[in-house]
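Each chain, written out:
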Amino acid sequence: MNVHATEIVHSQGFGQLEIQNQPKKNQFPLLKFPRVVLLECIENLDVLEIILFSLLSKRAKEIAKLVHWTPLDICLRTESPIEIHLKCPIYPYMEWIIEFNEEKESSEYPYFESYQTGPTVEHFLFLEYNGNAIEDSKQMTEHICEVFRSPVSGVDIGEESLIEWISKFQPMFRKVWIWDDVITSVETLSRVLNDLKVTDYVFLGSVAIDEKFQIRVPIPAQHISIRNSYWLTLSSILNGTNSMIRLHGSKLAPKDINTILKEWKMGSKLCNLEYLEIDTVAFQDAESYTNEILKDLDWTDGDENDGRPTTVKLDGEWTDTLPQVETVRNLTGCRGMIGSIFKTFGIFEDGKLELCFYFQVWSRQN
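The shown structure was predicted, so the numbers you read here are calculated from the model rather than taken from an experiment.

Caption draft 1: Just helix 5 (residues 161-169), in detail. By the burial criterion, the buried members of helix 5 are L162, I163, W165, I166 and S167. Where helix 5 is buried, its residues meet strand 3 (73-77), helix 4 (133-148), strand 8 (152-157), strand 9 (172-178) and helix 6 (186-195).

So, in structure tokens, the structure goes:
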């Protein structure tokens, strides 16, 4: 089905697209079809064609909403280039991407391109970057959500202004990424932690706030990854239900990590914990630091052939290979799970010790 039965022109309207019902030669008036025929036609359109059809007019949008589409996985990415990523569960090797682009002459927009990498095919709709692509992408995202009756599953935030919009637009997200220096005040960080409800994965980049600021409440997402995480305290971790925690630039002391391990071993807290990674600066030698972490813990030496997994799934999707180390210590939890402790370290130019501590929970049955 050729959706180009209409003329697409640039304007200052929605998403810089104004689609006019002006049939041209070799085109036909699609919207004049009987509703039953029209619905059957648009059911066979590609995802990007459906979106363009729904932009024809208010009537076209209402007609598109009548079809019971398979819900889409919608992700808005606002780092350059600004893109809206769409996936459909019944087409696992296909992705549709709307990108706001500034590489072509204005007269060439909008245009389509497709790329294949292995079994995966990406279909692009390129729209011109007109200086207000953030606002255009927000409006387009809202439109797609309404037509396909699908929520936004993930959003990455490159501007502070987006935080208020997404917290008002939708009460809950599966995944949220907030990049470095987007959060510039304690008030904004508090708004993120209080107003954004995230179920699966949260990434928080470096924040430009008072280094004396701390939080003691947990971050309620399964997986959390925080850069420059000096403000996250032991209480926040112990009172949380996170399964994966990655902290870079942490100020947790060895005794704090020791407490985390003891609480996990007793089973009273951290029952969901599967993976913990803490990157910090150690102000003592590596041996003393490690001894303080392991103090009063009944650990055993790990064997490289004991079945411990060598990879970890970091955000539910992409997998990372764990470092190869000479020494692994194992703890046994109250439910028979094994917690493997290991570390890597390096030396900064000023002589300080950079230490990365890992705690991996696994089962011999797996």
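Still more ground to cover, so stick around.
Caption draft 2: Inspection of the pattern of salt bridges at higher detail. Using the criterion set out here, one finds eleven salt bridges in the structure. The closest approach of N and O atoms between E62 and K65, which form a salt bridge, is 3.5 Å. Residue E62 and its partner K65 are both found in helix 3 (residues 58-66); the two are separated by three residues, about one turn of the helix. Ionic pairing is found between D180 and R227, a salt bridge with its closest N-O pair at 2.9 Å. Separated by 47 residues along the polypeptide, D180 in the loop between strand 9 and helix 6 and R227 in the loop between strand 11 (223-226) and helix 7 (234-238) bring together distant segments of the chain. Taking the relative accessible area as the measure of exposure, D180 reaches 33% and is therefore partly exposed. If you follow the salt bridges from partner to partner, you end up with K61, E62, K65 and E146 in one network.

Caption draft 3: Region of the structure containing the layout of surface pockets. Counted as a void, the largest pocket has a volume near 390 Å³. As for the largest pocket, its lining consists of 20 residues, and the residues nearest its centre are D73, C75, R77, K87 and E317. Elements with a minimum of two residues in the lining of the largest pocket: strand 3, strand 4 (82-88), strand 5 (91-101), strand 8 and strand 9. Per-element accounting of the lining of the largest pocket gives the leading share, four residues, to strand 5.

Caption draft 4: Molecular detail of the packing of aromatic side chains. As enumerated under the stated definition, the model contains eleven aromatic pairs in all. Taking 5.2 Å as the distance between ring centres and 10 degrees as the angle between the ring planes, the aromatic pair formed by W165 and F169 counts as stacked. Taken together, the positions of W165 and F169, both in helix 5 and four residues apart, correspond to about one turn of that helix. Taken together, the ring pairs connect Y109, Y111, Y115, F124 and F126 into an aromatic cluster. Against the face of F342 rests R308, its NZ or CZ located 4.7 Å from the ring centre. Over the aromatic face of W299 sits the side chain of R329, whose NZ or CZ is 5.0 Å from the ring centroid.

Caption draft 5: Structural detail: the pairing of strand 8. Across the six residues that make up strand 8, a large majority, six, are buried. Summarising the sheet, strand 8 and strand 9 pair through four bridges and their orientation is parallel. Counterpart to V155 in the pairing with strand 9 is V176. On the question of chirality, the crossover connecting strand 8 to the parallel strand 9 by way of helix 5 is right-handed.

Calculation rules
Residue numbers restart at each chain and count upward from 1, following the sequence in its written direction. The predicted origin of the model limits local features to residues at a pLDDT of at least 70 and limits the giving and counting of side-chain atom pairs to 80 or more, whereas totals for whole chains, interfaces and linings rest on all residues. Water and hydrogen atoms were dropped before computing side-chain values, which therefore reflect all heavy atoms in the structure. Throughout, exposure labels follow a simple rule: accessible area from a 1.4 Å probe, protein chains only, divided by the maximum for the residue type, with under 20% read as buried, over 50% as exposed, and the rest as partly exposed. Put simply, DSSP marks the helices as runs of H or I at least four residues long and the strands as runs of E at least two long, and each gets a number from the N terminus on. Note on definitions: a residue-residue contact is assigned when non-hydrogen atoms from the two residues lie within 4.5 Å. Here a salt bridge means any side-chain nitrogen of Lys or Arg lying within 4 Å of a carboxyl oxygen belonging to Asp or Glu. Grid points spaced at 1 Å over the protein atoms alone were grouped into cavities, where a 1.4 Å probe fits but cannot get out, and pockets, open sets with protein on both sides within 12 Å along at least five of seven lines, with lining residues defined by an atom within 4 Å of a point. Grid points are joined across faces, edges and corners, and a volume is the space filled by probe spheres set on the points. Between rings of Phe, Tyr and Trp, where Trp is taken as its six-membered ring, a pair exists when centres lie within 6.5 Å; planes separated by under 30 degrees are stacked, by over 60 edge-to-face, and by other angles tilted. Our definition puts a charge over a ring when NZ of Lys or CZ of Arg is within 6 Å of the ring centre and also within 35 degrees of the ring normal. Strands were regarded as paired on the criterion that DSSP finds at least two bridges between them. Consider the strands pointing away from the viewer: the crossover is right-handed when the path from the first strand over the helix to the second runs clockwise.

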